Structure formats: C-alpha cells, structure tokens
Amino acid sequence: MLKKAGIVAGAAAGLMMIGGTAFASPADTTGTPDPTFGDAYATFIEGGGALGYGAASLVAGAYTGIATTPALVAHSLEHH
C-alpha cells in the first residue's frame, strides 16, 4: 500500500513540476480592488463568529458524548 502511495505522490509531483509553469501568467491588476477596512473588519468578525461556533460545537459534542457514554454502554450490555 505504501509503495502505491509513493508512486502516486511521485507522479503528482512530476506533473506539477512539468505543468506548473505552463499556467503562469503576468499579474493582472485590473481585477477586484484591494479590500477596504470595512470589508476586512466584517470578514474578521465573521471568521471570529465561525471560530466561536466551531469551538462551542466541539465542546458541546464532547460534553454530550462524555455524559451519555456510560448509559449507552450499560444499555448495550443488556440482554434483549
């Protein structure tokens, strides 16, 4: 299994080295402008909210798992 993974990784690295410069192009500065302070602030607040929600979900899931595991184990040992 490890031999196959090495071959796949080597092939991917080789393809990236060959095709990496084929897609290079000069920087195009006519696209979207730099973000404003308001945009950056809103993104920061949104990211902080997502981080807080993720941490709260992780803690709630762990607490629920710890609280319910003994009952689940005891129930699984009952004879049906």
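So, here's what we can say about the structure.

What counts, and where the lines are drawn
- Residues numbered from 1 in each chain as written.
- Predicted model: local features only at pLDDT ≥ 70, side-chain atom pairs only at ≥ 80, totals over all residues.
- Heavy atoms only, no water.
- Helix = DSSP H or I, 4+ residues; strand = E, 2+ residues; numbered from the N terminus.
- Buried < 20%, exposed > 50% of the residue type's maximum accessible area, 1.4 Å probe, protein only.
- Areas by Shrake-Rupley, 256 points an atom, 1.4 Å probe, with all protein chains shown as cover.
- Phe/Tyr/Trp six-rings, centres within 6.5 Å; stacked < 30°, edge-to-face > 60°.

## Here we look at the overall build of the protein
Then, number 1: A tally of regular secondary structure across the protein gives 2 helices and 0 strands.
Then, number 2: For the protein, buried positions account for 1% of its 80 residues.
Then, number 3: If you sum the accessible surface of the protein, you get close to 7400 Å²; carbon and sulfur atoms cover 74% of it.

## What to know about the packing of aromatic side chains
Then, number 1: Evaluation of the coordinates by the stated rule reveals 1 aromatic pair.
Then, number 2: Geometrically, the ring pair formed by Phe37 and Tyr41 is stacked, given 6.3 Å between the ring centres and 20° between the ring planes. Within this pair, Phe37 and its partner Tyr41 are both found in helix α2 (residues 37–76), separated by 4 residues, close to a single helical turn. Take Phe37 and Tyr41: they sit in the same class, and that class is exposed.

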